[in-house]
Amino acid sequence: MTSSLMANPTHSGRSPQETNENSQDRKKGMFGFTVFLLSESMVFLSFFAAYIILRQTTPNWIPPGIPKLEVLKPAINTAVLVSSSFVIYFAEQALDRRKLGLFRLLWLAASLMGTYFLVNQAIEWNNLSFGLTTGLFGATFYLLTGFHGLHVFVGIILQLIMLVRSFLPGNYNGGHFGVSAASLFWHFVDAIWIVLFSLVYLW
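Residues numbered from 1 in each chain as written. Predicted model: local features only at pLDDT ≥ 70, side-chain atom pairs only at ≥ 80, totals over all residues. Heavy atoms only, no water.

> For the overall build of the protein chain, give the residues involved together with the corresponding values.
Tallying secondary structure elements over the protein chain gives six helices and zero strands in all. When its helices and strands are written in sequence order, the protein chain yields α-α-α-α-α-α. Counting every position in the protein chain, which comprises 203 residues, the buried fraction comes to 38%. Considering only contacts in the protein chain between residues 6 or more positions apart, those separated by 24 or more positions represent 82%. Surface accessibility of the protein chain: about 10900 Å² in total, with carbon and sulfur atoms responsible for 69%. (Helix = DSSP H or I, 4+ residues; strand = E, 2+ residues; numbered from the N terminus. Buried < 20%, exposed > 50% of the residue type's maximum accessible area, 1.4 Å probe, protein only. Contact = heavy atoms within 4.5 Å. Areas by Shrake-Rupley, 256 points an atom, 1.4 Å probe, with all protein chains shown as cover.)

Take a look at the structure:
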């Protein structure tokens, strides 16, 4: 059943020329997507640089009466998000091996892990004793974590779209650029969070 859904593209009515053209289009698409991620990296790097400079030059970074950020629960949240990168990698590998059922299971697991991360971040925000207007400390915290959370949300939406497309017969016969792009985006989101967590929670 799975094999029929993931048949070789040369056996699905496509000529070798069409297959080659599709391959070239996917390479161009992935190149463009990589450039997009590099531009997003520059945005985050700008935020990180601003955070470091502001923290180094601002006396009493954490306003009086505001407790330091809890580390344990965000660390668990971080472990879940980073682990999801491994899950989504194995999901893509399963798709390469034409194991569609395993791909769906692992892909959904990665989406749920991302959702877990967002829900727990929302709970953390709700329990914090400071807000967006609590000095530079509050403003930079919510800006950095919120902007990253938006990227996590977008990543989950992309994953769900790819999951739904996997139920369309023969949808991934000619390749799976969308899955590769969503997977790359997710790895990017995880890598950014590691840096953000180190700066905001551990520093």
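What follows picks up the thread again.
> Explain the layout of surface pockets residue by residue, including any values.
Computed from the structure, the largest pocket encloses a volume of approximately 350 Å³. Surrounding the largest pocket, 16 residues form its lining, Glu70, Lys73, Pro74, Glu124 and Asn127 being those nearest its centre. Among the secondary structure elements, those contributing two or more residues to the lining of the largest pocket are helix H3 (72–96) and helix H4 (100–127). Among the elements that line the lining of the largest pocket, the one with the most residues is H4, at five residues. The class makeup of the residues in the lining of the largest pocket is eight nonpolar, four polar and four charged. In this structure, the second largest pocket occupies an estimated 160 Å³ of space. For the second largest pocket, the full set of lining residues is Tyr51, Arg55, Trp61, Ile62, Lys68, Leu69, Val71, Phe137, Val200, Tyr201 and Trp203. Those elements giving two or more residues to the lining of the second largest pocket turn out to be helix H2 (16–57) and helix H6 (177–202). Of the residues assigned to the lining of the second largest pocket, the class counts are nine nonpolar, no polar and two charged. (1 Å grid on protein atoms, 1.4 Å probe; cavity = no way out; pocket = protein on both sides within 12 Å on 5 of 7 lines; lining within 4 Å. Points joined across faces, edges and corners; volume = space filled by probe spheres on them. Nonpolar A, V, L, I, M, F, W, Y, C, P; charged D, E, K, R; others polar.)

> Could you give me a rundown of the packing of H3 against H4, with the residues and numbers involved?
Relative orientation and spacing of two packed helices are given, respectively, by the angle between their axes and the distance between those axes. Relative to each other, H3 and H4 sit at 160°, their axes nearing to 8 Å. Comparing the axis directions of H3 and H4 gives the class roughly antiparallel. For the crossing formed where H3 meets H4, the hand is left-handed. Class assignment for the residues of the contact of H3 with H4 results in 20 nonpolar, five polar and one charged. (Axes fitted to C-alpha atoms, helices over the stretch in contact; angles between N-to-C directions. Parallel < 35°, antiparallel > 145°, perpendicular 65-115°, else oblique. Left-handed = near helix turned anticlockwise from the far one by under 90°.)

> Explain the packing of aromatic side chains residue by residue, including any values.
For any pair of aromatic rings, the description rests on two quantities: the centre-to-centre distance and the angle between the ring planes. Scanning the entire structure with this criterion turns up 22 aromatic pairs. Aromatic side chains tyrosine 89 and phenylalanine 90 sit 5.4 Å apart centroid to centroid with 65° between the ring planes, which places their arrangement in the edge-to-face category. Overall, phenylalanine 90 belongs to the partly exposed group, its relative accessible area being 46%. Ring plane angle 70° and centroid distance 5.1 Å describe the contact between tryptophan 125 and tyrosine 142, whose orientation is recorded as edge-to-face. Remark: tyrosine 142 occurs in helix H5 (residues 135–165) and tryptophan 125 occurs in helix H4; sequence separation between them is 17 residues. You can call tyrosine 142 buried: its relative accessible area is 14%. (Phe/Tyr/Trp six-rings, centres within 6.5 Å; stacked < 30°, edge-to-face > 60°.)

> Give me a nonpolar patch on the surface: which residues, what numbers.
Together, Leu150, Phe153, Val154, Ile157, Leu160 and Ile161 make up an exposed nonpolar region whose accessible area comes to about 480 Å². Note that leucine 160 resides in helix H5. (Patch = residues over 30% accessible without salt bridge, like charges linked within 9 Å, V, L, I, M, F, W, Y side chains within 5 Å. Salt bridge = Lys/Arg side-chain N within 4 Å of Asp/Glu carboxyl O.)

> Please give an account of the nonpolar core that cites residues and values.
Of all hydrophobic cores here, the largest spans 46 residues; its most connected members are Phe103, Trp107 and Val200. Of all the secondary structure elements, the ones that give two or more residues to this core are H2, H3, H4, H5 and H6. If you tally residues by element for this core, the top one is H6, at 14 residues. Those residues in contact with valine 200 that sit more than four places away from it in its chain are Tyr51, Leu69, Phe141 and Leu144. (Core = buried A, V, L, I, M, F, W, Y, C linked by side-chain atoms within 4.5 Å.)

> Help me get a handle on the side chain of histidine 176, residues and values and all.
Within the secondary structure, histidine 176 sits in the loop between H5 and H6. In this structure the side chain of histidine 176 is engaged in a polar contact, spanning 2.7 Å, whose partner is the side chain of aspartate 96. In this structure, histidine 176 is in contact with Arg26, Glu92, Leu95 and Asp96, ignoring residues within four places of it in sequence. (Polar contact = N/O pair within 3.5 Å; in protein donor to acceptor, adjacent residues only side chain to side chain.)

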